[in-house]
Amino acid sequence: MSETDIAYIQGRRVWDSRGCPTVEADVLLECGAVGRGIAPAGVSLAAAEAVALRDGGKAFGGLGVSQAVEHVNGEIAQALLGHDALDQETIDRRMHALDGTPGLSRLGANATLAVSIAVAHAAAAAEGEPLYRYLGGAEADTLPLPQVQIFGGGAHAGQRIDVQGVLVTCPAARSFAEALDWSAEIYRAAGALMEERTGPVGVADGGGWWPEFDSNEQALETTVAAIEKAGLKPGDEVSLALDIAASGFGANGHYRLARDGRELDSDGMIRLVSEWIAHYPIASIEDPLASDDAAGFAALTREMGGRVQVVGDDFLAGTPDRIRAAARDGAANAVLLKPDQHGTLSETRAAWQAARAAGYAGIVSARSGESEDVTVVHLAVGWGVGQLKVGGFARGERMAKWNEALRIEGALGPVARFAGGGAFGRSPARG
Ligand code: PGA
Ligand code: ZN
């Protein structure tokens, strides 16, 4: 028996930022070190992503997690007790083997992810290190470029506008803290502009302002106006990052924009996005086409990938096979990394390795349903991913993550580096 062997695992049901049930796991090691993980939950679900186990039925809209929690306390605990928490890969592989399905649907990816995160935290605690340092060693010295949501949209805001998120990113800032300062001023300015236009305004699921607009373009214009109102220069100092999440309103080469009723095919969608890129200071676009539109992704990347970062979220589902296939086609140049798309941290890490090998940039991302769990920040720093997206500049579950990154930057002190604009994905061909 070793000091870092798993002695006890406790699963429980807790609640996420939308008030929905989710899975929490605590892992205790023989040496007394403990770690905790909480599974997040998204709404822009990729077909290829791991599957959270939900109870179904009437209670909590069918979103109960009692079976997933039972699996943590039963089968998963039994299979992992006595195993060394320092060997994350073996632990994650064991959970996969135990589950027996590709998408972890039997045990529940929410169950396995909560345990996987808890094991990592317990191991780091046993080593007496913060998680980012445990994961990345002394090389983990780079704070990611944040993407901060100014307006929500899509499925995060009742489809009020089609685009799921209008975000800002501050590559010209000199540090993570300064990038957050600028984002805070822009967020505040955007709120004031909305108040002037429509009166008091609430926030969407991810903490961005509620999109009280008649068109997608109005949201983009208002964000540019907010950058200026904050005393910053759109394009030079601050750029827009759009999460279009096109699978939310398109499939089979057909897109229907709910706000203005426009119907577009894949080429029409590419033209629309290209116009936005021409008219607004956009540095990054995520899922500009539906996840089944690989040819559209390749065409758009050929045209625009030298100018902007083209991010595959639902399109790539963070899957190494899909990343490699997309890279062969020249489709997208960056990948979103959401640990719950995989169900274990080892697979998220493998996805990042596959992305890097393919020349893609990476963005570690939280989900729309979140909690006080700040693990994603440590993954971004520990693995040197370069970009981080955890929602807007409001709501505790979002601020917890921004604040954790500030703590890490402070702890690194003079050796802290900031990824800045070098973190963006760019295709070799200039568009
Ligand atoms: P989700 O959205 O967590 O609701 O899937 C986040 C994203 O698409 O980036
Ligand atoms: Zn997305």
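How each quantity is defined
Residues numbered from 1 in each chain as written. Chains lettered and ligands numbered in written order. Predicted model: local features only at pLDDT ≥ 70, side-chain atom pairs only at ≥ 80, totals over all residues. Heavy atoms only, no water. Helix = DSSP H or I, 4+ residues; strand = E, 2+ residues; numbered from the N terminus. Rg over C-alpha atoms; globule rule 2.2 N^0.38 Å. Contact = heavy atoms within 4.5 Å. Areas by Shrake-Rupley, 256 points an atom, 1.4 Å probe, with all protein chains shown as cover. Lys, Arg positive; Asp, Glu negative; His and termini not counted. Charge placed at Lys NZ, Arg CZ, Asp CG, Glu CD. Near = heavy atom within 4 Å. Polar contact = N/O pair within 3.5 Å; in protein donor to acceptor, adjacent residues only side chain to side chain. Nonpolar A, V, L, I, M, F, W, Y, C, P; charged D, E, K, R; others polar. Domains from an automatic or database assignment. Core = buried A, V, L, I, M, F, W, Y, C linked by side-chain atoms within 4.5 Å. Buried < 20%, exposed > 50% of the residue type's maximum accessible area, 1.4 Å probe, protein only. Pairing = 2+ DSSP bridges. Axes fitted to C-alpha atoms, helices over the stretch in contact; angles between N-to-C directions. Donors = N, O, S within 2.8 Å, 3.2 Å for Na, K, Ca; no water.

Caption draft 1: Structural detail: the overall build of the chain. Along the backbone of the chain there are 12 helices and 16 strands. The C-alpha atoms of the chain give 21 Å as radius of gyration, which agrees with the globular expectation for 431 residues (22 Å, within 12%). Expressed as lengths along the three principal axes of its C-alpha atoms, the size of the chain is roughly 65 × 50 × 45 Å. In the chain, once contacts between residues fewer than 6 apart in sequence are set aside, the share between residues at least 24 apart is 70%. Split by element, the accessible area of the chain, about 15700 Å² in all, is 50% carbon and sulfur. Once the 37 positive and 56 negative side-chain charges of the chain are each reduced to a mean point, those two points are 2 Å apart.

Caption draft 2: How the structure looks around the site of ligand 1. Val43, His156, Arg367, Ser368 and Lys389 are the nearest of the 13 residues found near ligand 1. At 2.5 Å from an oxygen atom of ligand 1 is found a side-chain nitrogen or oxygen belonging to Ser368. Measuring from an oxygen atom of ligand 1, one finds a side-chain N or O atom of Lys389 at 2.5 Å. For ligand 1, whose accessible area on its own is 280 Å², the fraction buried by protein is 98%. In the shell around ligand 1, the residues fall into 2 nonpolar, 5 polar and 6 charged. Taken domain by domain, the makeup of the shell around ligand 1 includes at least three residues from each of domain 1 (6-128) and domain 2 (137-423).

Caption draft 3: Representation of the nonpolar core. Counting 98 residues, the largest nonpolar core has Ile244, Trp276, Ile285 and Trp402 as its most contacted members. Element by element, the count of residues in this core is highest for helix α5 (residues 176-198), at 10 residues. Each of domain 1 (6-128) and domain 2 (137-423) gives at least three residues to this core. Once residues lying within four places of it in the same chain are set aside, the contact partners of Trp402 are Pro146, Gln147, Val148, Phe176, Leu180, Leu388, Val390, Gly391, Gly392 and Phe393. Grouped together as the second largest cluster of nonpolar side chains are 26 residues, Ile6, Val65, Ala68 and Val115 included.

Caption draft 4: Molecular detail of the sheet that holds strand β2 (residues 21-29). One open sheet holds the 3 strands; their spatial order is β1-β2-β3, and the pairing between them is antiparallel. Edge positions in the sheet fall to β1 (6-15) and β3 (34-38), since each has one partner strand and no second. Taking each pair of neighbouring strands and ignoring which way they run, the sheet shows an average axis angle of 15°. Where helix α1 (residues 66-80) meets the sheet, its contacts fall on β1 and β2, and the angle it forms with β1 comes to roughly 170°.

Caption draft 5: Representation of the coordination of the zinc ion (ligand 2) in the model. All of the protein donors around the zinc ion (ligand 2) are Asp243 (OD), Glu286 (OE) and Asp313 (OD); their distances to the metal are 2.0 to 2.4 Å. Counting residues between consecutive donors of the zinc ion (ligand 2) along the chain gives the motif D-x42-E-x26-D. You can see Asp243 sitting in strand β7 (residues 239-243) and its partner Asp313 sitting in the loop between β12 (309-312) and α9 (320-329), a full 70 residues away along the chain. Neither residue differs from the other here; Asp243 and Asp313 are each classed as buried.

Caption draft 6: Representation of the sheet that holds β12 within the structure. Read around the barrel, 8 strands follow the order β5-β6-β7-β11-β12-β13-β14-β15 and close on themselves; strand pairing throughout is mixed. Mean inter-strand twist for the sheet, computed between neighbouring axes without regard to direction, equals 25°. Where strand β13 (residues 334-337) and strand β14 (residues 361-365) come together, 4 bridges link them in parallel fashion. Residue pairing for β14: Val335 is matched across the bridge by Gly362. Against the sheet, helix α11 (residues 375-382) touches β14 and β15 (387-392), its axis set at about 160° to β15.

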